[in-house]
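Each chain, written out:
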Amino acid sequence: MSEPSAGAASRGFARRLQGAAPDDAPALIEQALADAAYGGIPDVAFAGFLLGAAGPLPETVLDGFLSAVERIRGRPKAGRDQLVGDDIALLGIAEGLSRLMAEGRAVADAVAWLIAIADGPASGPDWTRRARALAADRLDRRGRLRADVETDDFDAFALDLCLRRVWPACFHSAGHPARAAQQSLFARLLSEPCPIAGELERSVVWLVAANALVQAAVLELVPDVDRVVDLLERTQGALKRWVWDERASRRDAAPARWLIDSEAHVQAFLWAMLYPAFGDQLRDEQYLPGFGLKQPRYDFGILNLKLIIEVKMLRASTDFRAIEEQIAGDIGLYFSDPARFDQMVVYIYDDCDAPRPERHDSLRTAILQRDARVKAVVIVRRPGMLPDRHQRGSV
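Please read all numbers here as calculations on a predicted model, not as lab measurements.

A.B. asks: Please clarify how the overall build of the chain should be interpreted in this entry.
C.D. replies: Counting its regular elements, the chain contains 15 helices and 5 strands. Relative to the globule expectation of 21 Å for 395 residues, the C-alpha radius of gyration of the chain, 27 Å, shows a markedly less compact shape. Counting only C-alpha atoms and orienting by the principal axes, one finds that the chain spans roughly 85 × 55 × 45 Å. Residues counted as buried form 46% of the 395 residues belonging to the chain. Summed over all atoms, the accessible surface of the chain reaches about 19,700 Å², with 50% contributed by carbon and sulfur. Computed over 49 positive and 56 negative side-chain charges, the separation of the two mean positions in the chain equals 4 Å.

A.B. asks: Looking at this structure, how should I read helix H6 (residues 87-102)?
C.D. replies: Each turn of an α-helix holds 3.6 residues, which means side chains three or four residues apart point in the same direction. Between its first and last C-alpha atoms H6 spans 22 Å; for 16 residues at 1.5 Å apiece the expected length is 22 Å, and the two agree. The buried fraction of H6 is high, at 14 of 16 residues. One or two positions beyond H6, positive phi appears at Gly104, with a value near 80 degrees.

A.B. asks: Before we go on, may I ask you to explain the nonpolar core in this structure?
C.D. replies: Side chains of a nonpolar character, in soluble globular proteins, are inclined to be buried together. Counting residues in each nonpolar core, the largest one holds 78 residues, and the members touching the most others are Phe13, Leu17, Phe65, Ile93, Leu97 and Leu163. No other element matches the 9 residues that helix H9 (residues 154-166) contributes to this core. Not counting chain neighbours up to four residues away, the residues in contact with Phe65 comprise Leu33, Val44, Ala47, Gly48, Leu51, Ile93, Gly96, Leu97 and Leu100. If you look at the next biggest cluster of nonpolar residues, it comprises 29 residues, including Leu282, Val311, Tyr349 and Ala376.

A.B. asks: Looking at this structure, how should I read unusual backbone geometry?
C.D. replies: Phi is positive for Asp252, close to 65 degrees, though the residue is something other than glycine. For Asp252, the location among the structural elements is in the loop between helix H12 (225-238) and helix H13 (263-278). A positive phi angle, near 55 degrees, is found at Lys306, a position not held by glycine.

A.B. asks: Looking at this model, I keep getting lost on the environment of Ala36. Mind explaining?
C.D. replies: Secondary-structure assignment places Ala36 in helix H2 (residues 25-39). You can call Ala36 buried: its relative accessible area is 8%. Residues Ala36 and Val69, 33 residues apart in the sequence, show an inter-C-alpha distance of 9.9 Å. Not counting residues within four places of it along the chain, the set of residues in contact with Ala36 comprises Asp43, Val44 and Arg71.

A.B. asks: I tried to follow the pattern of salt bridges on my own but got confused; where do I start?
C.D. replies: Note that side chains of opposite charge can pair when their charged atoms are close. Considering all chains together, one arrives at 35 salt bridges under this definition. Notably, a salt bridge pairs Asp119 with Arg144, separated by 2.9 Å at the nearest N-O pair. With Asp119 in helix H7 (residues 108-119) and Arg144 in the loop between helix H8 (129-140) and H9, this pair connects stretches of sequence that are 25 residues apart. In this structure Arg144 comes out as buried when scored by relative accessible area, which is 18%. Ionic pairing is found between Arg392 and Asp261, a salt bridge with its closest N-O pair at 2.7 Å. With a gap of 131 residues between them, Arg392 in the segment after strand S5 (374-381) and Asp261 in the loop between H12 and H13 connect regions that are remote in the sequence. With relative accessibility at 29%, the residue Asp261 sits in the partly exposed group. Connected through salt bridges with shared partners, the residues Asp261, Asp351, Asp353, Arg382, Asp388, Arg389 and Arg392 form a single ionic network.

A.B. asks: For this particular structure, what's the right way to read the packing of aromatic side chains?
C.D. replies: Ring pairs (aromatic) are described by centroid distance and by the angle formed between their planes. Summed over the entire model, instances satisfying the criterion amount to 7 aromatic pairs. The interplanar angle of 85 degrees and the centroid separation of 5.3 Å between the aromatic rings of Trp242 and Phe269 together place this pair among those described as edge-to-face. With Trp242 in the loop between H12 and H13 and Phe269 in helix H13, the pair connects residues that are 27 residues apart, well separated along the chain. The class for Trp242 is buried, based on a relative accessible area of 15%. When its relative accessible area of 11% is taken as the criterion, Phe269 is described as buried. Taking 6.2 Å as the distance between ring centres and 25 degrees as the angle between the ring planes, the aromatic pair formed by Trp271 and Phe300 counts as stacked. Separated by 29 residues along the polypeptide, Trp271 in helix H13 and Phe300 in strand S2 (residues 297-302) bring together distant segments of the chain. Accessibility expressed as a relative area gives 28% for Trp271, which makes it partly exposed. By relative accessible area, Phe300 is classed as buried at 1%. Joined through ring pairs, the aromatic side chains of Trp242, Trp258 and Phe269 make up one cluster. Above the face of the Phe320 ring, Arg359 is positioned so that its terminal group lies 4.2 Å from the ring centre.

A.B. asks: Help me understand the pairing of S5, please; the structure alone is not making it clear to me.
C.D. replies: Within a regular strand, the side chains alternate between the two sheet faces. Summarising burial for S5: 6 of the 8 residues are buried, a large majority. Read from strand S4 (residues 343-350) through helix H15 (residues 360-370) to S5, the crossover connection turns out right-handed.

Conventions we followed
Residues numbered from 1 in each chain as written. Predicted model: local features only at pLDDT ≥ 70, side-chain atom pairs only at ≥ 80, totals over all residues. Heavy atoms only, no water. Helix = DSSP H or I, 4+ residues; strand = E, 2+ residues; numbered from the N terminus. Rg over C-alpha atoms; globule rule 2.2 N^0.38 Å. Buried < 20%, exposed > 50% of the residue type's maximum accessible area, 1.4 Å probe, protein only. Areas by Shrake-Rupley, 256 points an atom, 1.4 Å probe, with all protein chains shown as cover. Lys, Arg positive; Asp, Glu negative; His and termini not counted. Charge placed at Lys NZ, Arg CZ, Asp CG, Glu CD. Expected span 1.5 Å × (residues − 1). Core = buried A, V, L, I, M, F, W, Y, C linked by side-chain atoms within 4.5 Å. Contact = heavy atoms within 4.5 Å. Salt bridge = Lys/Arg side-chain N within 4 Å of Asp/Glu carboxyl O. Phe/Tyr/Trp six-rings, centres within 6.5 Å; stacked < 30°, edge-to-face > 60°. Lys NZ or Arg CZ within 6 Å of the ring centre and 35° of its normal. Right-handed = clockwise from strand over helix to strand, strands pointing away.

Following this line, the structure appears as structure tokens:
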């Protein structure tokens, strides 16, 4: 989205919300800094937004941005009168200063100057206040974004979702918007009158917020293979609260101990993780058409994704090669009917008493190189509270 009639700060903001900097970012930044000698703050903010997203840049570009900021600081009242009413320009300049900080430049005075303006009185639109708080937090990470945004302020809430999408690290300590509030926002984005011509900032916020909500809805309604891989990778963290009690919590009851000792146990755990997401599209241990005396049986299948999830278990060092060979032997049989299944994810549970994480990458690479239809290999280490394999007979 672009609009030649919009101000430079608004155009930089729109570019930043919509993705990475263009290939010609260095030239665009240099031109903006040259224009800043006449146009001033909006052009510096445009350059700052591009600096925040651009890859490696010449030292002259970084020097030029710092010089432009110093010229603003040299104005009467250190440029405050021009910045107190423009939260978007503040964010753009903060983006540029953040890049200079990351490059190791000495910008402490400029950073303190901008933070003081951001934390001071504001006269801009109420809906852009979140951009002002983000501008200061980009520079000192003091947690200004922990305060919840007013979800009944339509534009402010949409802006908050956009800023979270581009600068997620800054919102690490902020509460996540409630699902009901997001649903209400989505409905209003679809039903409210669109921003009028010339409102580039509001227009791009509406567009990016709508895209973010649509993507989230699509993942919920129609999860893809990447979503499956993400769920499987998160099972490592899900093992954090695995139950293995030292003693019973009440009289005449055995200690609760969720022992994982076989592939069937791993499959039971994964079923509990996957079924809420995929429902009746999830199938477990189904036979496939075979050849001769061989009757292949997959561990899990997700029908609407045409995906097989194959579960394996590492018990000893010799299993690394064995698992690779088993997967290689199964691939041709599993995909004999591509109309039913045409891709696979391998889930490996590492139950070795002597962990060998340095071999995980080589095993993963070896399996992935076997066949392009193997989309991912997820390797998860057993919960730390489980005893070694040779000690389990006494528990």
